[in-house]
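Residues per chain, in single letters:
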Amino acid sequence: MTDARTALVTGAARGIGAATARRLARDGHRVAVLDLREEDAETTAAAIRADGGDALAVGADVGDEDAVAQAVAHVARTLGPPTVLVNNAGILRDNLLFKMSTADFDDVLRVHLRGAFLVSRAVQAHQVEARWGRVVNLSSTSALGNRGQANYAAAKAGMQGFTKTLAIELGPFGVTVNAVAPGFVETEMTRAVAERVGVPFEDLLAAEAKAVPVRRVGQPDDIAAAVSFFASEEAGFVSGQVLYVAGGPRG
């Protein structure tokens, strides 16, 4: 990369978001590490700085319009205008439809979809001004349907439609928009799933691996590598795409 750019990664305190922030820093970007609590984001930012990178921890609720506007403005002032955006922030509130509360449905869509909308809208102003940008949205294989995840599946399917629409709208300004749809990835979030259903995490990992053609579950770095490509200069003719990173064919 000839010129360092500023990347903003949401939900970057841990898991896929943290791995993505570290990968983009290794790629030469200045990285804004955004999560709900700044102290959590600081763990990832500090690790990046310890490796010689340039990182800023930012605390903000991606579903809060004012908080997002303030966060993006803070990033622009401190690191430079963000032209790479990774919408990764997300939560789980799994349950079967008849047990799922309205709040659990709304909360998941608020973080995933409303959050991606608000952050993308704030960042696109900087991308359009620069006549260059990359947006990478995190979808999931759950977008294809998954028992107990009516809220999450709807949100992740929505991310794909959101991606394709932004690709059409922002393409004329030199901005590409793509989505990465992970399969089962070993993270704290999936560990919490095992705890919720009362299954030892190691047993869940083994069972999931058997269902994957490459016979292993994903790691956060697997997803970060795909994001890195979409965020690169070389991916300038790739837009509106959904890449399933799931160890086998999906979709």
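Residues numbered from 1 in each chain as written. Predicted model: local features only at pLDDT ≥ 70, side-chain atom pairs only at ≥ 80, totals over all residues. Heavy atoms only, no water.

## Quick look at the packing of aromatic side chains
Item 1. Enumeration over the complete set of coordinates arrives at 1 aromatic pair.
Item 2. Relative to Phe230, the ring of Phe229 lies with its centre 5.7 Å away and its plane at 45 degrees, an arrangement referred to as tilted.
Item 3. Taking relative accessible area as the criterion, Phe229 reaches 40% and is therefore assigned partly exposed.
Item 4. You can call Phe230 buried: its relative accessible area is 3%.
Item 5. It is Arg5 that lies over the ring of Trp132; its NZ or CZ is 3.6 Å from the centre. (Phe/Tyr/Trp six-rings, centres within 6.5 Å; stacked < 30°, edge-to-face > 60°. Buried < 20%, exposed > 50% of the residue type's maximum accessible area, 1.4 Å probe, protein only. Lys NZ or Arg CZ within 6 Å of the ring centre and 35° of its normal.)

## Quick word on empty space enclosed by the protein
Item 1. Summed over all chains, the structure comprises 1 cavity of 30 Å³ or more.
Item 2. The dominant element in the lining of the largest cavity, judged by the number of residues it contributes, is helix α4 (residues 102-130), at 5 residues.
Item 3. Of the residues in the lining of the largest cavity, the class split is 5 nonpolar, 5 polar and no charged. (1 Å grid on protein atoms, 1.4 Å probe; cavity = no way out; pocket = protein on both sides within 12 Å on 5 of 7 lines; lining within 4 Å. Points joined across faces, edges and corners; volume = space filled by probe spheres on them. Helix = DSSP H or I, 4+ residues; strand = E, 2+ residues; numbered from the N terminus. Nonpolar A, V, L, I, M, F, W, Y, C, P; charged D, E, K, R; others polar.)

## Things to note about the environment of Thr190
Item 1. Topologically, Thr190 is positioned in helix α6 (residues 188-197).
Item 2. In the structure, Thr190 is positioned 14 residues away from Leu204 in sequence and 9.1 Å away in space, judged by C-alpha atoms.
Item 3. Residue contacts for Thr190: discarding those within four places in its chain leaves Phe184, Val185, Phe201 and Leu204. (Contact = heavy atoms within 4.5 Å.)

So yeah, pure geometry; function would need other evidence.
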